[in-house]
Amino acid sequence: MAVRTERAVERGSPPPAPPSARIGRWWPVLLLVAVALVLRLVNPGSVAWLQNMFVVFGSLMVEAVPFVALGAFVSATIEVFVPPSVFARIGRLPRAFQLPAAAMVGMAFPVCECGSVPVARRLARKGLTPAAAVTFMLAAPIVNPVVIASTYVAYRGRDIVGVMVFGRLALGFAIAIIVGWVVGRKRADDLLRARRAEVAHHDDERGRATRFFGHLTGDLVFMGRFLIVGAAAAAAIQTFVPQTFLDGLASLPVLSIVAMMVLAYVLSLCSESDAFVAASFVQFSAAAQLAFLVFGPMVDTKLSALYLGTFGRGFLRTVVIAVGSTTLVAALWVEVLLP
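Residues numbered from 1 in each chain as written. Predicted model: local features only at pLDDT ≥ 70, side-chain atom pairs only at ≥ 80, totals over all residues. Heavy atoms only, no water.

Our focus in this paragraph is the nonpolar core. With 82 residues, the main nonpolar core has Met137, Phe292, Met298, Tyr307 and Phe315 as its most contacted residues. Sorting elements by how many residues they give to this core places helix H8 (residues 130-143) first, with 11 residues. Residues in contact with Met298, not counting those within four places in the same chain, are Leu138, Ile142, Gly172, Ile175, Ala176, Leu303, Tyr307, Val319 and Val323. Judged by nonpolar contacts, the second largest core, of five residues, contains Ala76, Val80, Phe212 and Leu216. (Core = buried A, V, L, I, M, F, W, Y, C linked by side-chain atoms within 4.5 Å. Buried < 20%, exposed > 50% of the residue type's maximum accessible area, 1.4 Å probe, protein only. Helix = DSSP H or I, 4+ residues; strand = E, 2+ residues; numbered from the N terminus. Contact = heavy atoms within 4.5 Å.)

And the structure:
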């Protein structure tokens, strides 16, 4: 093992994780399975809540996995077929132009928040500055055409349809730029976690098809591991939080916005479908629903796990604070400006 570790360090890649560390990554899933088996054996008639939790977990996985696959596909395409010089030129643009351009590029990528994470990582590795990569990652799940269309469909026939569609687009665009500027003031090597595959295949001369599928499967396995952990945590939270708890908060201007942001974090929905959930909370104001639609695709339970696995120490904390504060301020202004 010592020889393997020394060789890994010589190649520039991190040493392989010990078996205990690999098991530790999966402890939430192993704990859920253990609890399910024990309760099933001890008292089979009292596990309705457990069944509900696994239904929620399965729903999140079915909803998110296709978009993770789409993001991995785009990520592998960028890695294999797009020359680094393209992103290097974009990275040399002034930040005042680079961040809005990165947010606008997000409009052309119909990827969910899970799928945007590997794409943003690959962009940063290909030469785009971390600030622009983070801006793209946060903007793409909100400003892409699929999400805009789903928001319109969810609110069609209501007086606030224009506010919800254009408000979500504008707030998502602006907040992504602000947070990208705050979070992305680091070098890519400091912002991103090191991964052995990126170093090992740097000078790979194999065929493009082989390299493409190698990167594709690598990203799927890498992101899928953290997605499972995040989905398991989201399912457990949804099972134990009573639905009636939010009714008393709807009439409180500030707390209603915060409550919808917390709900967006807990529900951990896909940005292509969250508008239908937000539209069902008719007792909440348009500003609170906008906070739900903007905060959720940037920070939620499953994304927290993905951020922890993709980015370096402190990234998740900074993103939660930056996205949360800017979303709250923007939603309060919407609350004031709307009649």
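Mapping Tyr265 onto the fold places it in helix H14 (residues 253-267). Placed 37 residues apart in sequence, Tyr265 and Lys302 show a C-alpha to C-alpha distance of 8.7 Å. When neighbours within four sequence positions are excluded, Tyr265 is seen to be in contact with Phe295, Val299, Asp300, Thr301 and Ser304.

Right, let's get into the environment of Arg168. Checked against the element boundaries, Arg168 lands in helix H10 (residues 161-183). In this structure Arg168 comes out as buried when scored by relative accessible area, which is 1%. Taking the C-alpha atoms as reference points, Arg168 and Thr151, separated by 17 residues in sequence, lie 8.6 Å from one another. Those residues within four positions of Arg168 in sequence are excluded, and the remaining contacts are Ile142, Val147, Thr151, Val163, Ser271, Asp274, Ala275, Leu290, Leu293, Val294 and Pro297. Engagement of the side chain of Arg168 in a polar contact is seen with the backbone oxygen of Leu293, the distance being 3.1 Å. (Polar contact = N/O pair within 3.5 Å; in protein donor to acceptor, adjacent residues only side chain to side chain.)

Helix H16 (residues 286-295) sits mainly inside the fold: 10 of its 10 residues count as buried. Within H16 the residues assigned to the buried category are Ala286, Ala287, Ala288, Gln289, Leu290, Ala291, Phe292, Leu293, Val294 and Phe295. Next to the buried residues of H16 lie H8, helix H9 (145-155), H10, H14, helix H15 (274-280) and helix H18 (315-337).

Across all of its chains, the model carries eight aromatic pairs by this definition. Relative to Phe212, the ring of Phe81 has its centre 6.1 Å away and its plane inclined at 50°; by these criteria the two rings are tilted. Here Phe81 is found in helix H4 (residues 48-81), whereas its partner Phe212 is found in helix H13 (residues 208-240), with 131 residues between them in sequence. Plain terms: the ring middles of Phe281 and Phe284 are 6.1 Å apart, the flat faces sit at 80° to each other, and that makes the pair edge-to-face. Residue Phe281 is classed as buried on the basis of its relative accessible area of 14%. By relative accessible area, Phe284 is classed as buried at 4%. Linked through ring pairs, Phe73, Phe81, Phe212 and Phe213 together constitute an aromatic cluster. (Phe/Tyr/Trp six-rings, centres within 6.5 Å; stacked < 30°, edge-to-face > 60°.)

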